[in-house]
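Structural overview
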Amino acid sequence: MKNKGFVVLLTIVISLLCIYYLSFTFVAQSIQKEATAATKDSDGSIDYAEKQRYLDSVWNEPVYNLLGMEYTYQDVKETELNLGLDLQGGMHVTLEVSPVDILKGLSGNNQDPDFQAALAEAKANIRGTQISYVDEFYRLFQQKAPDKSLAYIFSNATNRGRISLNSSDDEVLDIIRTEVESAIDRSFNILRTRIDRFGTSQPNIQRLQGTGRIQIELPGVDNPERVRKLLQGVAKLEFWEVFEINEISPTLQAINDLLVKEQKANLDVDGLTDGETNQSADDDLSSLLTEDDNASDSTVTDSLTAEEDSTDSQLDSAFNSQVSPLFSLIKSQYGLVYDVKDTSSINRIFEREDVQSLIPSNMKFLWSVKPIKNEAVNAPELLELHAIKTTRTGKAPLTGEVITDARQDLDQRSRPAISMQMNAAGAKSWRRLTGNNVGRRIAIVLDNYVYSAPNVEGEIPNGSSSITGNFTMEEAKDLANILKAGALPAPTTIVEDVVIGPTLGKAAQQQGIISIVAGLAIVIIFMVIYYAKGGLIANVALFFNIFFILGILAQLSASLTLPGIAGIVLTIGMSIDANVLIFERIKEELRNGSGLKAAIGSGYAKAYSSIIDANVTTFITGLFLYTLGQGPVKGFAITLMIGIACSFFSAVFITRVITEAFSKKGDKAKISFANAFSRNALTGLSIDFISKRKMAYIFSGIFITIGIVAMFIKGLTLGVDFKGGRSFVVSLNEPVTPTELKAAVSPYFDNEGTEVKTYGANNVLKITTSYLIGDETDEADSKVKEALIEGVSSMGLTYSDITTAPESGEFIISSSSKVGATIADDIKNSSYESALFALISIFIYILIRFRKWQFGLGAIIALFHDTLFVLSAFAIAGLLGISFEVDQVFVAAILTIIGYSINDTVVVFDRIRENLGIKTGTEKKKVFNESLNSTISRTLITSITTLIVVLVLFIFGGAALKGFSFALLVGILIGTYSSIFIATPVVIDLDGSKKE
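Only a predicted model underlies this, so the values are computations on that prediction, with no experimental measurement involved.

Turning our eyes to something else, we now look at the overall build of the chain. Across its full length, the chain carries 31 helices and 27 strands. Expressed as a percentage of the 996 residues in the chain, the buried residues total 53%. Put simply, 74% of the contacts in the chain that link residues at least 6 apart link residues at least 24 apart. Of the accessible surface of the chain, which amounts to about 42800 Å², a share of 56% is contributed by carbon and sulfur atoms.

Now the structure itself:
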């Protein structure tokens, strides 16, 4: 083998990188354990709020030193291998921004009946489709009012200067689309800020491009109701006057005196009198107040200048030794600017009741939303604390409803700026507010965070203003979107809501770990027994494979989910396939009289093309799963693709380096690939598979026909993510039969469709209902949950909202999920697309590789056969009272079966292609039979190892993966069967030139 040194070097480099990235996971877990231990009381209960405060306190503190580099806890968390919601509990939410309300707002709430009818019908028509709402609305509006233009509806004071009665429909549509996109961006930015401030670790928020949806994942949250209120709360945009630093100095001084006195009492400081300490603080505060507060650039009238972002030298050293943290932690001479890591300490000061009593009733303190920019290397992130001047009523002098437009612009120096326009009432209030604050600052506040606090250069009489400052284009756009938060309504609706309790997450972790360990152990033992020392080498490659998968997942900051663990478990079985191919080829060469070194070289060379084809076709299915799949399917696809790449490298290159190192002198004592039992196992077979194809066709036809009939009789059990609705996992202290629980809860669901089944244990049940399926409001969510609680309570049980195991006579809701009809339709459509595109791509690949359409079509027919067979097995199991859900994870299983089956088929086809090239002129039926017989050992061994692993997954993987693993069990058996009795015979039947 050439380039052995490169393979060794690459293996070392990848291993070191994996160790580096996985080390952050171990550090993060260690700190989590410390936080848990520090906040656990004598009863063993954990104060989660206190635990979060503990983690916040070390967020920006160095916690890990590696090779001279210091990493904060934030750095560690950003680099660790994340656990998905299903493995640690938490909340997954998909929100949809309503374009209906955006168009209503743009129209000035126009009540034209044709306009209102088009809005309502368009909303109904796009459900479950990929149609653009704006396009559908316009189509319907043209139908209902062909004599009206869009300008007739949208030309109003809100859109003055942009839409006039002479504007064409195309011009108005462009503005509408821009506003809808802007509203989604605005909602995304507001939600992102709220989530960042929520306090959960590793929050994930992303826009689902091409839709008006925003997807949010919050691992570890234990208060779903708070999250829902946080996400759906109306954005509160306000304009407040700001106190100057000299105006708040008496208050700050009083707070400082209180804290210093407390410090002296606690620390028993000697050598200073109170007078000396107070004088020192007075001097320091004086130096703060004498600094130039007007550091802003001046601008023309009717404009505002953003606050200076200054990070000059720290205050006098006396602050650090003689004053309280309120002053000693200040990082700038121009205001209350603190290091981000110190903000929790400052918050605790201002939250104290004795400190609150010192703050005047017309004053409150709010933080900036973003850190001050500092380009210096390793400079700390700084936040400013603003002193806001409140009113007696608590209402802001001006709120966001008055803003009619705000957009990113350029100032006179071509710097990014924001232009803002207000309505008549707003302009009047704005004139008074700016007139009273010339030379002072006005804070722009959203959700109690200051987005900007510009200086007023002069009275602004007409409501048209420009905000300038040290903005980037992106920041100017963001601030413009924030200012429009009150201009157009963009309410968000929760269309998908999944809550997984921590108890269920821990159970899933344990089940996943058991599955991996048990599956790995069985495969290791089998390989050593069957392939002797060669099996040991394969096991080394298997170890590297799993190690690389975890390391790469950590490097990519991907999340390890329960389906991801299933992907690793499946990879354990499938990664053996490459070594089985190689070892069987080596055994063939040894039986044919080749020397050890020659047999090894020839074995690797002859197996290479089969391995490439098998891995590429399986990778194609993973690629389409990732591209078109959603939710857990993506996690599975990432792991599968990484696993395929890692298994190829480890099985082909690492094993060859090791194998050749052991066989340098050709000493068979040093390495062997079989024992006395396996050396000639499954060799010399001469089974006429092709002649038995009609029996196989009949068997498959009968089974699939029974399955289709079963589908018509009872149908498949569709999961909530395929049909929409609400699902709950209820944990009880004692076993309850599903039929008994269904009888109890059904009347409370108005006898709507309700399914109840055990979920991994006889005291844990999953309840799925279509009650209020068409109502996606929060009120409906609450009503369904209350109905469930009442129904279960009618059995004499008491509801508990704890997250641990229920006590005697109690029940808890361990997890819940809601999937709207639109999301469910999207999931179904993406599933169909994934399967269709995967099949087309596989056909094209096989056509290119084998240069005969019969091979491609034979493979596709076999894959359709396998899919129908698995669906039939699910339907027949349902008739027999064994119900498995068809959901997103089932789709992942089907596409995995497609990948596995095509893997098996391609290996057979590859041998057929090889033999056709060698035995030209021989009748094809004989060549096909010989090829099937010569690959049967590899086919059966790969199937056995994979089946063992999947069986372990079925037994230990838990209720969440029961349907997945059952589908794989059937699929692997049928995939092996179809590659022999369906795919290969079909090629013969399609080939008109066959020689029988």
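A word on the nonpolar core. Grouped together as the largest cluster of nonpolar side chains are 68 residues, with contacts concentrated most on I842, I846, V870, F874, F890, F909 and F964. Listed by contribution, the elements that provide at least two residues to this core are α21 (596–628), α22 (632–662), α23 (693–713), α27 (821–850), α28 (853–879), α29 (888–918), α30 (924–956) and α31 (962–990). With 16 residues, the top contributor of residues to this core is α31. With sequence-adjacent residues up to four places away left out, F874 is seen in contact with L716, F884, E885, V886, F890, G963, F966 and A967. Counting residues in each nonpolar core, the second largest holds 53 residues, with A538, A599, A607 and C646 among its members.

What follows is about the pattern of salt bridges. Side chains carrying opposite charge are able to pair once their charged atoms draw close together. In total, this model carries 21 salt bridges according to the counting rule given. A salt bridge links D135 to R177, with the shortest nitrogen-to-oxygen separation between them at 2.7 Å. Note that D135 is positioned in helix α7 (residues 133–144) and R177 in helix α9 (residues 169–196), a separation of 42 residues in sequence. When the shortest N-O distance is used, the salt bridge between R431 and E459 registers 3.2 Å. Here R431 is found in helix α17 (residues 424–435), whereas its partner E459 is found in the loop between β17 (455–456) and β18 (464–468), with 28 residues between them in sequence. E459 sits in the partly exposed class, given a relative accessible area of 38%. What emerges from the salt-bridge pattern is a single network uniting K4, R656 and E660.

Moving on, we come to a nonpolar patch on the surface. Together, I524, I525, V528, I529 and L536 make up an exposed nonpolar region whose accessible area comes to about 410 Å². Position of V528 relative to the elements: it lies in helix α19 (residues 502–555). A residue is classified by how much of its surface remains accessible, and V528, at 31% relative accessible area, is partly exposed.

For the rest of this paragraph, the subject is the side chain of D904. Mapped onto the elements, D904 comes out in helix α29. Overall, the relative accessible area of 1% leaves D904 in the buried class. Setting aside chain neighbours within four positions, we find D904 in contact with R938, T939, S943, G975, T976 and S979.

What follows concerns the pairing of strand β1 (residues 62–66). Along a regular strand, successive side chains alternate from one face of the sheet to the other. Alignment of β1 against strand β2 (residues 69–72), held across four bridges, turns out to be antiparallel. The residue of β2 that forms the bridge with L66 is M69. Where β1 hands over to β2, the hairpin turn is made up of two residues, of which L67 adopts a positive phi near 55°.

We now examine the packing of aromatic side chains. Counted by the stated rule, this structure contains 32 aromatic pairs. Ring centres of F526 and Y530 lie 5.8 Å apart, and the angle between their planes is 10°; on these two criteria the pair is classed as stacked. With F526 and Y530 both in helix α19 and four residues apart, this pair spans about one turn of that helix. This pair shows no difference in class: F526 is buried, exactly as Y530 is. An aromatic cluster of three or more residues is present, and its members are F543, F544, F547, F548, Y608, F648, F649 and F653.

Along the sequence, D904 and T976 sit 72 residues apart, while their C-alpha atoms lie 6.6 Å from each other. One polar contact links D904 to S979, side chain to side chain, over a distance of 3.3 Å.

This next bit is on the environment of R186. Within the secondary structure, R186 is located in helix α9. Linking R186 and L479, residues 293 residues apart in sequence, is a C-alpha distance of 9.2 Å.

Packing of α23 against α28 brings their axes to within 8 Å, and their N-to-C directions diverge by 50°. By the angle between their directions, the pair α23 and α28 is classed as oblique. α23 and α28 meet at a crossing whose hand is left-handed. Taking contact as the criterion, the partners of F699, S700, F703, I704, I706, G707, I708, A710, M711 and I713 in α23 are, on α28, H865, L868, F869, L871, S872, A873, A875, I876 and L879.

Contact pair α28 / α31: the axes reach a minimum separation of 7 Å and the direction vectors enclose 145°. For the element pair α28 and α31, the recorded crossing hand is right-handed. Here the residues of the contact of α28 with α31 are counted per class, giving 20 nonpolar, seven polar and one charged.

Our next topic: unusual backbone geometry. Glycine aside, residues mostly have negative phi, and peptide bonds are mostly found in the trans state. Phi at N109 takes a positive value of approximately 60°, unusual for a residue other than glycine. Summarising the element assignment, N109 is placed in the loop between α5 (99–106) and α6 (113–125). Judged by its relative accessible area of 48%, N109 is partly exposed. Its identity as a non-glycine residue notwithstanding, A532 has a phi of 55°, on the positive side. Of note, A532 is situated in helix α19. Of the residues examined, A532 reaches a relative accessible area of 18% and is grouped as buried.

Within the structure shown, the criterion is met by zero disulfides. Not engaged in a disulfide, the cysteine C18 finds its nearest cysteine sulfur in C646; these two sulfurs lie 7.4 Å apart. Judged by relative accessible area, C646 falls into the buried class, the value being 7%.

Below, the discussion takes up the side chain of N933. Take N933: it is sitting in helix α30. In this structure N933 comes out as buried when scored by relative accessible area, which is 9%. With sequence-adjacent residues up to four places away left out, N933 is seen in contact with L685, S686, I687 and F689.

Across the chain, the average pLDDT comes to 78, with 81% of residues at or above 70. Considering only residues more than four positions removed or in separate chains, one finds that residues 269–301, a stretch of pLDDT under 50, has 53 contacts. Counting interchain partners and residues more than four positions distant, the pLDDT-below-50 stretch residues 307–321 has 36 contacts.

Below, the discussion takes up the environment of K77. Its location among the elements puts K77 in helix α3 (residues 73–79). Along the chain, K77 and T25 lie 52 residues apart, while their C-alpha atoms are 7.7 Å from each other.

Calculation rules
Residues numbered from 1 in each chain as written. Predicted model: local features only at pLDDT ≥ 70, side-chain atom pairs only at ≥ 80, totals over all residues. Heavy atoms only, no water. Helix = DSSP H or I, 4+ residues; strand = E, 2+ residues; numbered from the N terminus. Buried < 20%, exposed > 50% of the residue type's maximum accessible area, 1.4 Å probe, protein only. Contact = heavy atoms within 4.5 Å. Areas by Shrake-Rupley, 256 points an atom, 1.4 Å probe, with all protein chains shown as cover. Core = buried A, V, L, I, M, F, W, Y, C linked by side-chain atoms within 4.5 Å. Salt bridge = Lys/Arg side-chain N within 4 Å of Asp/Glu carboxyl O. Patch = residues over 30% accessible without salt bridge, like charges linked within 9 Å, V, L, I, M, F, W, Y side chains within 5 Å. Pairing = 2+ DSSP bridges. Phe/Tyr/Trp six-rings, centres within 6.5 Å; stacked < 30°, edge-to-face > 60°. Polar contact = N/O pair within 3.5 Å; in protein donor to acceptor, adjacent residues only side chain to side chain. Axes fitted to C-alpha atoms, helices over the stretch in contact; angles between N-to-C directions. Parallel < 35°, antiparallel > 145°, perpendicular 65-115°, else oblique. Left-handed = near helix turned anticlockwise from the far one by under 90°. Nonpolar A, V, L, I, M, F, W, Y, C, P; charged D, E, K, R; others polar. Disulfide = S-S within 2.5 Å. pLDDT = per-residue confidence, 0-100.

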